[in-house]
Amino acid sequence: MTAETAPTTAMETHTVDVPGATLTYDVRQGSGSSTEPALFLIGHPMAAGGFVTLASHFPDRTVITYDPRGFERSVREAGSPFNTPELTADDVHAVIGALGGGPVDLFGSSGGAVTALALVARHPNDVRTLIAHEPPLTAVLPDRAQADAAVKDIVNTYQSRGFGHAMAKFMGVVMLQGEVPADWASRPAPDPAMFGMPADDDGKRDDTMMGSMVAITSYQPDIAAINAAPTRVVIAAGEDEEGTMANRGAHGVAELLGSPVVKFPGGHGGFLGGEYGQMGKPKEFAAKLREVLG
């Protein structure tokens, strides 16, 4: 993995045990020039490795990243439940507790934004400012029924044909702009090779992303609890990919919260600087994040 980097800071890696998992998290100690609280960067399924570039643009602040349970270095015990927004919110709460408690500033992207919304509802004193970037929530969409059907079709494809075919369908849904057609699940499936995915089925059915997908996307945010929390909540969307499910999810949540959507540079991965072979607009994204955090 290569990444565009700014000046580096010292990083320590720690673990914390939670029911059914051991979580791994990283602490990048800031230079001490900032009086702001720690900045926590979270995703789902993206783990800490996706935030290397973004973290490097905040050398003045202590930056926390972690791997959600079942991803990369964080181990989910066999037989334990797959991730839900409530479960991952409690995991993030445990990491914050291990750090000495909140409040922290938190940037959550994609499924991490869903986790963050659940965190504010369940643990309102953990977060001072939340930037929730493109939560892929079907529950807030006008085409919820079709979107839910498309997500369930991905999971059913995983169960019947394996990871590669399911991920090909996932990429099709992620890239789709506009409402999900009613017949989306019955359309011919894309070739996994189009997305660099294997067509062969390895027989495994324990993938955390697939096991968690329905629970993450169908989550209904507790709007009353979020509005009652002391947290300042900012809903963010990429300016380059309007109309995708995650982008529309941001607009749907913002409407329920009665708040505007703040546009960020790039698309869904606008903060990436080469991680996983993807390049966004990390310098511009980090500048916008710093501006919005205040």
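Residues numbered from 1 in each chain as written. Predicted model: local features only at pLDDT ≥ 70, side-chain atom pairs only at ≥ 80, totals over all residues. Heavy atoms only, no water.

With respect to the pattern of salt bridges
Keep this limit in mind: What makes a salt bridge here is a side-chain nitrogen of Lys or Arg within 4 Å of a carboxyl oxygen of Asp or Glu, nothing more. Helix numbering and strand numbering both begin at the N terminus, where a helix is a DSSP run of H or I of at least 4 residues and a strand a DSSP run of E of at least 2. We call a residue buried when its accessible area falls under 20% of the maximum for its residue type, exposed when it is over 50%, and partly exposed in between, using a 1.4 Å probe and counting protein chains only.
Evaluation of the coordinates by the stated rule reveals 16 salt bridges. One salt bridge in this structure joins R144 and D148, with 3.4 Å as the shortest N-O distance. With R144 and D148 both in helix 4 (residues 144-161) and four residues apart, the pair spans about one turn of that helix. By relative accessible area, R144 is classed as partly exposed at 33%. The class of D148 is buried, set by a relative accessible area of 16%. Salt-bridge contacts for D201 lead to R205; the nearest nitrogen and oxygen are separated by 2.7 Å. The class of R205 is partly exposed, set by a relative accessible area of 27%.

Quick look at the pairing of strand 1 (residues 11-18)
Under the convention used in this document: Strands pair, by our definition, only if DSSP identifies at least two bridges between them.
Relative to strand 2 (residues 21-28), strand 1 is paired through eight bridges, and the arrangement is antiparallel. From the neighbouring strand, D17 faces strand 2, where its bridge partner is T22. Hairpin connection from strand 1 to strand 2: two residues lie between these consecutive antiparallel strands, with G20 at a positive phi of about 85°.

Details of the confidence of the model for the protein
Low pLDDT means the predicted coordinates in that region are not meant to be read closely. Rules: pLDDT is defined as a per-residue confidence score from the predictor, taking values between 0 and 100. Residues count as neighbours in contact if any of their non-hydrogen atoms are within 4.5 Å of one another.
Overall, the prediction assigns the protein a mean pLDDT of 95, with 97% of residues at 70 or greater. Here residues 1-7 is modelled with pLDDT under 50, and outside its nearest four sequence neighbours on either side it reaches 24 contacts, counting other chains as well.

Regarding the side chain of T138
Rules: Polar contacts, as counted here, are pairs of nitrogen or oxygen atoms within 3.5 Å of one another; within protein the pair requires one atom able to donate a hydrogen and one able to accept it, and residues that are adjacent in sequence qualify only if both atoms are side-chain atoms.
Following the sequence through the fold, T138 ends up in the loop between strand 7 (127-133) and helix 4. Under the relative-accessibility criterion, T138 is labelled buried at 0%. Side chain to side chain, T138 and D148 meet in a polar contact 2.5 Å long.

Observations regarding the packing of helix 2 (residues 85-98) against helix 3 (residues 111-122)
Stated formally: Axis definition: a line fitted to C-alpha atoms, over the contacting stretch in the case of helices. Angles run 0 to 180 degrees between N-to-C directions. Convention used here: angles under 35 degrees read as roughly parallel, angles over 145 as roughly antiparallel, angles from 65 to 115 as roughly perpendicular, and any remaining angle as oblique. Each residue is assigned to one of three groups, with Ala, Val, Leu, Ile, Met, Phe, Trp, Tyr, Cys and Pro labelled nonpolar, Asp, Glu, Lys and Arg labelled charged, and all others, Gly among them, labelled polar.
Helix 3 packs onto helix 2 with a crossing angle of 70° between their chain directions and a minimal axis gap of 8 Å. With respect to each other, helix 2 and helix 3 are oriented roughly perpendicular. Residue-level inspection shows P85, E86, T88, A89, D90, V92, H93 and I96 of helix 2 in contact with helix 3, the latter providing V114, T115, A118, L119 and R122. The class makeup of the residues in the contact of helix 2 with helix 3 is seven nonpolar, three polar and three charged.

Some thoughts on the nonpolar core
For the record, the criterion: By nonpolar core we mean a set of buried residues, namely Ala, Val, Leu, Ile, Met, Phe, Trp, Tyr and Cys, connected to one another through side-chain atoms within 4.5 Å.
Counting 57 residues, the largest nonpolar core has F40, V92, V95, L106, L117, L130 and I235 as its most contacted members. Broken down by element, this core gets its largest block of residues, seven residues, from helix 3. Residues L39, F51, I131 and A236 belong to the second largest nonpolar core, which totals 19 residues.

Some remarks on the packing of aromatic side chains
Centre-to-centre distance and the angle between the planes together describe a pair of aromatic rings. As a reminder, the rule being used: For Phe, Tyr and Trp, where Trp contributes only its six-membered ring, two rings pair if their centres lie within 6.5 Å, and the inter-plane angle classes them as stacked under 30 degrees, edge-to-face over 60, or tilted in between. Two thresholds decide whether a charge sits over a ring: the Lys NZ or Arg CZ must be within 6 Å of the ring centre and within 35 degrees of the ring normal.
According to the stated counting rule, one finds six aromatic pairs in the structure shown. Geometrically, the ring pair formed by F51 and F271 is stacked, given 5.1 Å between the ring centres and 10° between the ring planes. Of this pair, F51 sits in the loop between strand 3 (39-42) and helix 1 (52-56) while F271 sits in the loop between strand 9 (261-264) and helix 9 (282-293), and the two are 220 residues apart along the sequence. Pair check on accessibility: F51 and F271 agree, each one buried. Summarising the aromatic geometry, the rings of F107 and F285 are spaced 5.6 Å apart at their centres and angled 80° between planes, so their arrangement reads as edge-to-face. One end of the pair, F107, is in strand 6 (residues 104-109); the other, F285, is in helix 9, with 178 residues separating them in the sequence. Note on F285: relative accessible area 0%, which makes it buried. Taken together through their ring pairs, the aromatic side chains of F51, F107, F264, F271 and F285 make up a single cluster. Sitting above the plane of the Y158 ring, R205 keeps its charged end 5.5 Å from the centroid.

Section: the layout of surface pockets
Using the following cut-off: The definitions used throughout rest on a 1 Å grid laid over the protein atoms alone, on which a cavity is an enclosed set of points accommodating a 1.4 Å probe that cannot get out and a pocket is an open set flanked by protein within 12 Å on both sides along at least five of seven lines; lining residues are those having an atom within 4 Å of a point. Grid points are joined across faces, edges and corners, and a volume is the space filled by probe spheres set on the points.
Each pocket or cavity is described by its volume, and for the largest pocket that value is around 1200 Å³. Lining the largest pocket are 45 residues; nearest its centre among them are P45, S110, F170, V174 and H268. Listing elements by their share of the lining of the largest pocket, those giving two or more residues are helix 4, helix 5 (163-175), helix 6 (208-217) and helix 8 (245-257). Its residues assigned to classes, the lining of the largest pocket shows 22 nonpolar, 17 polar and six charged. Of the voids in this model, the second largest pocket is the one considered here, and its volume is about 150 Å³. Around the second largest pocket, the lining residues are A150, D153, I154, K169, G172, V173, W184, A185, R187, P188, A189 and P190. Mapped by element, the contributors of at least two residues to the lining of the second largest pocket are helix 4 and helix 5.

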